[in-house]
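# A look at the structure
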Amino acid sequence: MARLVVQPGSSAPWEIQLKAGINSLGRGPANDVTLDDPSVSGSHCQIVVDKGNATIRDLGSTNGTFVNRTRVLEAALRPGQTIHLGGLEMMFHPDAPGSAGVAQAVPTAPPLPSARAAGPPRAVRVGPAATVALAPPPVAAGAGHQPPMAAPPVTAAPTTAVGSGPCKYHPRTPGRFYCSHCGLFFCELCVTTRGHQQFCRTCGTECVPVQVPVQRRAEPKGFFARLPGAFVYPFRGSGLLVLLVSTFVLALMEFLGGSWFFFFLKIIAYGYLFCFMQNLIHATANEEEQMPDLPGFDDVLGGALRLAVTVLVSFGVPITFIGLRFFGVVDAPAIALLVMMVLGCFYFPMAFLAVAMKDTAMAANPLIVLPAMFKVPVGYLVAALLVIGIFALRQFGGAAAGLAASASFHTRNVSTMYMTFGMGALWSLVSVYLLTVSMRILGLLYVANKRKFGWFDH
């Protein structure tokens, strides 16, 4: 029986047994073989086995299907050829181990004498056609460390992979795409996707998919299991330093808030604040456990535009009715305005999450936001209530700090004035902390439900 050896040469290879006929592979649960890897598309490819012959056919995947590191749409498979589905490496063998048609064994590193290698292998049901073994092959007692057997010869072919490196904008995330013009690596969140191709956002050059070593992770935690960690997240790594610098930016934004002379600087401050919040969501989406570095100033105007569009889409209707009521054009009931404001408050968190993840203001479209809200109603209700509560607390605390600051200008007690200014600075730091926690909560909501959202499925 034909088979695929996943991660050949590693310490924990595992196999996929292929049935006669069509075998569909992808990240979606409807496939014959489900591959839980973010670089694999929902429906990635098909392998057709017919009378000893096998053909692989790409299904329009995002990261492509490669045979011997050459991207293919359809190709016949030969023994020992290497297949890459995104960043997941496999080796094709036409027969099961020990069959007459196999002259050489699958290359595997000798397993370490640890608890992981002990016990029977754990199998996962991946469809009506295949079973995947997730444990290293057993080693005979007393055999010791045996050298790996030779692999079948692999025909040389042009390579499109250029190695691997960290993403330019998310250094803790491996870059899955390489721009030959800029000489930089990018993760899947930092490239522009058109059709089934990825392009550099800086120069517009088509990016080349690169092969990243895949480490299989334990079963991911759900949203509610991850939620408590959001409140300690801002203090991990260099988070405290990032909070202090961000506090300065927020204080600058509030200082410029009342001056129309510095209107352009105010736009830059809001745009930078959006980029900071987007960075937090992206870092969480990449499952980074430490605070990301501060963003640059190269996209502050775009960030301000995305933030403005998100606010207008979420609160445009109540804002319009308030304006019409102020000028006496429409006498809308106060209860109707209140209902519309509440609905806008519940719409805004998911709209902001969609815009931040897709990096386009068009993602605030109700056709994207509303289905995502109803796919995870309980989780989103909890996340929205927490985010709304945090923003309400920030507004209330900001108003109290503003009153205290204004009172300090009318006092002659120097100690009272210094104490008031100190409390204002402390509140600014707490405000940024609360903002960071709210963005972490939205990011965790995406991480736990990204398959249900399907925003990047192709």
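Now for a description of the structure that goes with this document. From a predicted model like this one, the values you see are computed outputs, not experimental measurements.

### Notes on the packing of helix H3 (residues 263-285) against helix H5 (residues 334-358)
- Closest axis-to-axis distance for the H3/H5 pair is 9 Å, and the angle between their directions is 80 degrees. With respect to H5, the element H3 is oriented roughly perpendicular. Mapping the contact onto sequence places Phe274, Met277, Gln278, Ile281, His282 and Ala285 in H3 and Phe352, Leu353, Val355, Ala356 and Met357 in H5.
- Among the residues making up the contact of H3 with H5, the classes are represented as nine nonpolar, two polar and no charged.

### Here's the deal with H5
- For H5, with 25 residues, the first-to-last C-alpha span of 35 Å sits near the 36 Å given by 1.5 Å per residue.
- Within H5, the axis deviates most sharply at Phe348, by approximately 30 degrees, and proline Pro349 lies no more than four positions further along.
- Remark: Asp359 follows H5 within two positions and exhibits a positive phi of approximately 60 degrees.

### Some words on a nonpolar patch on the surface
- Taken together, Val317, Phe321, Leu324, Phe326, Phe327, Val329 and Val330 make up a surface patch of nonpolar side chains, about 700 Å² in accessible area.
- Relative to the helices and strands, Phe327 resides in the loop between helix H4 (300-326) and H5.

### Description of the nonpolar core
- In this structure, Met350, Phe352, Leu353, Phe453 and Trp455 are the most contacted members of the largest nonpolar core, which totals 62 residues.
- Broken down by secondary-structure element, the contributors of at least two residues to this core are strand E14 (177-179), helix H2 (239-256), H3, H4, H5, helix H6 (366-375), helix H7 (377-408) and helix H8 (414-453).
- Residue contributions to this core peak at 13 residues, all from H8.
- Contacts of Phe352, omitting those with residues within four sequence positions, involve Phe274, Met277, Ile281, Leu307, Thr310, Met439 and Leu442.

### Thoughts on the sheet that holds strand E3 (residues 21-26)
- One open sheet holds the five strands; their spatial order is E4-E3-E5-E6-E9, and the pairing between them is mixed. A single partner strand is all that each edge strand has here, and the edge strands are strand E4 (33-34) and strand E9 (74-76).
- Note: E3 against strand E5 (residues 45-50), five bridges, orientation antiparallel. Its bridge partner being in E5, Ser24 is matched across the sheet by Gln46.

### So, the pattern of salt bridges
- Counted according to the given criterion, the structure contains nine salt bridges.
- Residues Arg440 and Glu289 are paired through a salt bridge, measuring 3.4 Å at the closest nitrogen-oxygen approach. A residue pair is termed long-range when its members are at least 10 positions apart, and Arg440 in helix H8 and Glu289 in the loop between H3 and H4 qualify at 151 residues.
- One salt bridge in this structure joins Asp299 and Arg306, with 2.7 Å as the shortest N-O distance.

### A few points about the sheet that holds E14
- An order of E15-E14-E18 is seen for the three strands of this open sheet, with the pairing classed as antiparallel. Bordering the open sheet on either side are strand E15 (184-186) and strand E18 (208-209), each of which pairs with just one other strand.
- With two bridges connecting them, E14 and E18 associate as antiparallel partners. In the sheet register, Phe177 faces E18, and the bridge partner there is Pro209.

### Re the environment of Asn23
- Turning to its location among the elements, Asn23 is positioned in strand E3.
- A distance of 3.0 Å separates the side chain of Asn23 from the backbone nitrogen of Lys19, its partner in a polar contact.
- Here the side chain of Asn23 touches Gly21 through a polar contact of 3.3 Å, landing on its backbone oxygen.

### So, the environment of Ile281
- By the secondary structure assignment, Ile281 is in helix H3.
- In this structure Ile281 comes out as buried when scored by relative accessible area, which is 0%.
- For Ile281 and Tyr446, which are 165 residues apart along the polypeptide, the C-alpha to C-alpha distance reads 8.8 Å.
- With residues near it in sequence (within four places) discarded, Ile281 still touches Phe352, Leu353, Ala356, Met357, Met439, Leu442 and Gly443.

### Re the side chain of Asn286
- Within the secondary structure, Asn286 is located in the loop between H3 and H4.
- Once you skip the residues sitting within four places of it in the chain, Asn286 turns out to touch His170, Thr173, Cys187 and Leu189.

### Here's the deal with H3
- The terminal C-alpha atoms of H3 lie 33 Å apart, and with 23 residues this matches the ideal 33 Å at 1.5 Å per residue to within 8%.
- In the segment just after H3, Glu287 is the residue with positive phi, at about 60 degrees.

### Some details on the packing of aromatic side chains
- One pass over the structure, following the stated rule, counts nine aromatic pairs.
- Ring centres of Phe223 and Phe224 lie 5.3 Å apart, and the angle between their planes is 65 degrees; on these two criteria the pair is classed as edge-to-face.
- Among the residues examined, Phe223 registers a relative accessible area of 6% and is labelled buried.
- Relative to Phe352, the ring of Phe274 has its centre 5.3 Å away and its plane inclined at 65 degrees; by these criteria the two rings are edge-to-face. You can see Phe274 sitting in helix H3 and its partner Phe352 sitting in helix H5, a full 78 residues away along the chain.
- On the basis of relative accessible area, Phe274 is assigned to the buried category, the value being 0%.
- Accessibility expressed as a relative area gives 2% for Phe352, which makes it buried.
- Through a chain of ring-to-ring contacts, the aromatic side chains of Phe274, Phe315, Phe348 and Phe352 assemble into a single cluster.
- Positioned above the aromatic ring of Tyr233, the side-chain terminus of Arg440 is 3.9 Å from the ring centre.

Reading the values: the criteria
Residues numbered from 1 in each chain as written. Predicted model: local features only at pLDDT ≥ 70, side-chain atom pairs only at ≥ 80, totals over all residues. Heavy atoms only, no water. Axes fitted to C-alpha atoms, helices over the stretch in contact; angles between N-to-C directions. Helix = DSSP H or I, 4+ residues; strand = E, 2+ residues; numbered from the N terminus. Parallel < 35°, antiparallel > 145°, perpendicular 65-115°, else oblique. Contact = heavy atoms within 4.5 Å. Nonpolar A, V, L, I, M, F, W, Y, C, P; charged D, E, K, R; others polar. Expected span 1.5 Å × (residues − 1). Bend = angle between axes of the 7 residues up to and from the residue. Patch = residues over 30% accessible without salt bridge, like charges linked within 9 Å, V, L, I, M, F, W, Y side chains within 5 Å. Areas by Shrake-Rupley, 256 points an atom, 1.4 Å probe, with all protein chains shown as cover. Salt bridge = Lys/Arg side-chain N within 4 Å of Asp/Glu carboxyl O. Core = buried A, V, L, I, M, F, W, Y, C linked by side-chain atoms within 4.5 Å. Buried < 20%, exposed > 50% of the residue type's maximum accessible area, 1.4 Å probe, protein only. Pairing = 2+ DSSP bridges. Polar contact = N/O pair within 3.5 Å; in protein donor to acceptor, adjacent residues only side chain to side chain. Phe/Tyr/Trp six-rings, centres within 6.5 Å; stacked < 30°, edge-to-face > 60°. Lys NZ or Arg CZ within 6 Å of the ring centre and 35° of its normal.

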